[in-house]
Amino acid sequence: MKLFRKGKFVHTPISLTGYAIWLIAVIFLVTVFVAVDNDSHSVSDTLYGIFPYFASTFLLVEWFASKTSD
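**Things to note about helix α2 (residues 43-67)**
Turning to step 1, where the next piece is worked out: The terminal C-alpha atoms of α2 lie 35 Å apart, and with 25 residues this matches the ideal 36 Å at 1.5 Å per residue to within 8%.
Turning to step 2, where the next piece is worked out: Residue I50 marks the point of greatest curvature in α2, where the axis turns by about 40°; the proline P52 follows within four residues.
Turning to step 3, where the next piece is worked out: For α2, the full list of buried residues reads T46, I50, T57, V61, E62 and A65.
Turning to step 4, where the next piece is worked out: Tucked inside the fold, the buried residues of α2 contact β1 (4-6), β2 (11-13) and α1 (16-38).

And the structure:
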């Protein structure tokens, strides 16, 4: 079952399940950003706090998309 299509730089969803995976990832990242930003005192605090979550989420989604792409 193909869920994503390989683009130039990222994989784009082509099915409802692919869009659901991206939506879940975005909702998770927005929640992480809000939680980290509430306790931060500067922009660098926010960036240092969100980087591990954003990087690992994007890598996980791209890995999954590469395994389920055409």
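**What about the packing of aromatic side chains?**
Turning to step 1, where the next piece is worked out: All chains considered together, the criterion is met by two aromatic pairs.
Turning to step 2, where the next piece is worked out: With centroids separated by 6.4 Å and ring planes inclined at 70°, the aromatic side chains of F28 and Y53 adopt a geometry described as edge-to-face. Of the two residues, F28 is situated in helix α1 and Y53 in helix α2; the sequence distance between them amounts to 25 residues.
Turning to step 3, where the next piece is worked out: In this structure F28 comes out as partly exposed when scored by relative accessible area, which is 37%.
Turning to step 4, where the next piece is worked out: Pairing F54 with F58 gives two aromatic rings, centres 6.3 Å apart and planes at 75°, and the pair type is edge-to-face. Of the two residues, F54 and F58 both sit in helix α2, four residues apart, roughly one turn of that helix.
Turning to step 5, where the next piece is worked out: What makes F58 partly exposed here is its relative accessible area of 40%.

What counts and what doesn't
- Position labels on residues start from 1 in each chain and follow its written sequence.
- Per-residue local features of the predicted model are confined to residues with pLDDT of at least 70, and side-chain atom pairs are confined, for both listing and counting, to 80 or more; whole-chain, interface and lining totals are unaffected and use all residues.
- The basis for every side-chain value is the complete set of non-hydrogen atoms in the structure, without hydrogens or water.
- Labels follow the DSSP assignment, with helices taken as runs of H or I lasting at least four residues and strands as runs of E lasting at least two, numbered in each case from the N terminus.
- By this rule, a helix spans an expected 1.5 Å times one less than how many residues it contains.
- The seven residues ending at a residue and the seven starting there each receive a fitted axis; the angle between those axes is the bend at that residue.
- Relative accessibility decides the category of a residue: with a 1.4 Å probe and only protein chains considered, values under 20% of the type maximum give buried, values over 50% give exposed, and everything between is partly exposed.
- We call two residues contacting when some pair of their heavy atoms lies within 4.5 Å.
- What counts as a ring pair is set by centres within 6.5 Å for rings of Phe, Tyr and Trp (its six-membered ring), and what kind of pair is set by the plane angle: stacked under 30 degrees, edge-to-face over 60, tilted for all other angles.

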